[in-house]
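Next come the chains, spelled out residue by residue.
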Amino acid sequence: MKQQLRQYINGQWVDDAPVEKKDIINPATGEVIAEAPRASAEQTEEAIRTAKETFEAGVWADKTRQERAEVLLQIADNMQDQIDALIALEVENNGKTTADAQADAEDAINTFRYYASLLQTATDQSLEPMDDMQTLIVKEPMGVAGLIVPWNFPLLMSVWKIAPALAAGNSILLKPAEITPMTAIKVFECMDQTDLPKGVANLILGSGSVVGQTIAESDDVDVVSFTGSTGVGRGIMQAATGNLKKVSLELGGKSPNIIFADADIDTAVDYALFGIFMGAGQVCSSGSRILVQDDIYDTFVEKFVAQAKEIKVGPGDHPTSQMGAIVSEEHLNSILEYIHIGKEEGAVLAAGGARMTKDGLDKGFFLEPTVFTDVTSDMRIVREEIFGPVVVIQRFHTEADAIAIANDTDYGLAGAVFSEDQNKALRVIKKVRAGITWVNSYHLTDVQAPWGGYKQSGIGRGLGPQGLDEYQEVKQINMNLNPKPMGWF
Ligand code: TAP
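Everything numeric in this text was worked out from a predicted model, so none of it was measured.

J.: Before we go on, may I ask you to explain the sheet that holds strand 7 (residues 133-141) in this structure?
T.: By definition, the strands of a sheet pair up through backbone hydrogen bonds, in either a parallel or an antiparallel sense. The strand order across the open sheet formed by three strands is 6-7-23, and the pairing between neighbours is antiparallel. The sheet terminates laterally at strand 6 (125-126) and strand 23 (472-480), the two strands that pair on one side only. With nine bridges joining them, strand 7 and strand 23 adopt antiparallel strand pairing. Each residue of the ladder has a partner; that of Val138, found in strand 23, is Lys475.

In structure tokens, the structure reads:
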């Protein structure tokens, strides 16, 4: 008997499930682990109405910052109690390794705690009175926040949106990716056991084309925060024009990782492997283009390829696995298609390139860590986001070449520089047109720092104080301290 998943609307787990259902698959085994409802547009509109009613009633929006912070901390505590279950569900539903899922779960809990602490910092401003006018600048919740998240970090991406949206006092409607709803449901179980008023947080399950599109178009949604592909993000922006709702977009990337000849080569190889193969490359900020200075190109490629071939690929819950499964067979096939395109384009396949079926991996969706060398800037595998464990290694000559190649992309999400010359590293990273960057590191970031992209990698910033601002309106209140006729007319 398949586990029946439920939506959470108006503080209730909804049992009268819609007719349409979707099988939820474990990507490591191909097994069906649960069955999820697929909400219709009408059901989505009803959930939006619930969120709107609770917002207008002020049951959450009118709470003090202290009261909201306390609820966020309750959620964090409940998640901490459930951390093993959160990790196991993320591994089972997404295919990532236990180590990856553990880092995500800890990050998610920390995000609730961070926004609780940020609420203790007063942001309202009172200006020095001018004549008899006293001006206050205050921040207020926007209203109903529609939160749409992808499948690659189902837990973390949900929490990166839920925590600031609730901290700001909004009512929310979360739509996880249809294929990975399990940990979002667990987070709502954790929220259900707190003092969060009913109807403030709602979870709706279903497809992007129906549920997501309805959220993006709805006149009753005041802000839509979307993480996903650039193509869908563009559509959401168009759909949002009806009521001119605020739009926050965290989109794709094709991020450059620049390795200078004076870098510590073993450190650079190590981080470059982490940069692309962590999460099986299904990470928006992956370092999917490695740029290597020609003096060390051959040595770097030799070391990188040798170590890539040693990565242990397997089920995420297996203690020896270093890289897990691809999230779905459909996505695996799309990555294999890119590998085929790369070979056709004339790139050299230096490692991997094939689906893995031996040693019991045949039922799951596993792919070898894949490395292409001898690529040119016009190739599709260099320009397009593959979103899998596939990296291209490019050669550069001078500092100026490195910057030009790094920025030769429509994306601008992330980037890194490796060099022992700190001045050069800083000079170059400042020229890289991207929002999340590193020097002699990769992937590691702080919840207090804003997260987001330049160019077609998005609009707005998540995390940090800016992440809270995405869900707040700013109002000026001008008070006449000495009311009497003004005499203008
Ligand atoms: P998408 O296909 O864009 O889907 C993301 C979410 O949008 C899913 O919940 C999806 O629903 C929904 N959606 C699909 N069509 C929609 C529509 N017409 N209207 C509203 N919502 C719609 O992305 P994905 O394949 O899940 O994730 C991979 C992409 O996300 C990559 O491009 C990656 O770079 C990007 N990503 C970016 C970041 C940041 S922070 N920049 C982080 C993670 C991922 P269903 O899937 O249920 O249909």
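J.: What should I look at first to understand the site of the ligand in this one?
T.: As a matter of local geometry, the ligand sits amid 29 residues, with Val149, Glu178, Ser229, Leu251 and Glu385 nearest to it. Between Gly228 and the ligand, the recorded distance is 3.3 Å, taken from a backbone N or O atom to an oxygen atom. A distance of 2.6 Å is found between a nitrogen atom of the ligand and a backbone nitrogen or oxygen belonging to Leu251. When the ligand sits alone it has 910 Å² of accessible area, and the protein chains cover 86% of it. Here the element with the most residues in the shell around the ligand is helix 7 (residues 208-217); it accounts for three residues. When its residues are assigned to classes, the shell around the ligand shows 15 nonpolar, 10 polar and four charged.

J.: What's the story with the pattern of salt bridges in this structure? I'm lost.
T.: Where charged atoms from two side chains of opposite charge come close, those side chains can pair. The full count for this structure, using the stated rule, is 21 salt bridges. Residues Glu384 and Arg380 are paired through a salt bridge, measuring 2.8 Å at the closest nitrogen-oxygen approach. Judged by its relative accessible area of 38%, Arg380 falls in the partly exposed class. The structure contains a network of salt bridges with shared partners spanning Lys2, Asp23 and Glu35.

J.: How do you make sense of the nonpolar core when you look at a structure like this?
T.: Buried together is how nonpolar side chains tend to be arranged in soluble globular proteins. Counting residues in each nonpolar core, the largest one holds 122 residues, and the members touching the most others are Met79, Ile162, Leu166, Phe277, Phe300, Phe304 and Ile381. In terms of residue count, helix 5 (residues 154-167) provides more of this core than any other element does, 10 residues in total. Once residues within four sequence positions are removed from consideration, Phe304 is found in contact with Val269, Ala272, Leu273, Ile276, Phe277, Ile290, Val371, Val391 and Ile393. Counting 21 residues, the second largest nonpolar core, distinct from the first, contains Ile9, Leu173, Val221 and Ala239.

J.: When you look at unusual backbone geometry in this model, what are you seeing that I'm missing?
T.: Outside of glycine, negative phi angles account for most residues, and trans bonds account for most peptide bonds. The phi dihedral of Asp359 is positive, around 55 degrees, even though this residue is not glycine. Mapped onto the elements of the fold, Asp359 is located in the loop between strand 16 (355-356) and strand 17 (366-367). In the Ramachandran plot, Lys455 falls in the positive-phi region, its phi being about 45 degrees despite a non-glycine side chain. Tracing the backbone through its elements, the reader meets Lys455 in the loop between strand 21 (436-439) and strand 22 (458-459).

J.: Would you explain helix 2 (residues 65-81) in this entry?
T.: What sets the pattern is the α-helix's 3.6 residues per turn: residues three or four places apart point alike. Under the 1.5 Å per step criterion, the end-to-end length of helix 2 is 25 Å for 17 residues, consistent within 8% with the ideal 24 Å. All of the buried residues in helix 2 are Arg68, Ala69, Val71, Leu72, Ile75, Ala76, Asn78 and Met79. Each element contacted by the buried residues of helix 2 is listed here: helix 3 (83-94), helix 4 (98-118), helix 5 and helix 6 (182-192).

Each value, and the rule that gives it
Residues numbered from 1 in each chain as written. Predicted model: local features only at pLDDT ≥ 70, side-chain atom pairs only at ≥ 80, totals over all residues. Heavy atoms only, no water. Pairing = 2+ DSSP bridges. Helix = DSSP H or I, 4+ residues; strand = E, 2+ residues; numbered from the N terminus. Near = heavy atom within 4 Å. Polar contact = N/O pair within 3.5 Å; in protein donor to acceptor, adjacent residues only side chain to side chain. Areas by Shrake-Rupley, 256 points an atom, 1.4 Å probe, with all protein chains shown as cover. Nonpolar A, V, L, I, M, F, W, Y, C, P; charged D, E, K, R; others polar. Salt bridge = Lys/Arg side-chain N within 4 Å of Asp/Glu carboxyl O. Buried < 20%, exposed > 50% of the residue type's maximum accessible area, 1.4 Å probe, protein only. Core = buried A, V, L, I, M, F, W, Y, C linked by side-chain atoms within 4.5 Å. Contact = heavy atoms within 4.5 Å. Expected span 1.5 Å × (residues − 1).

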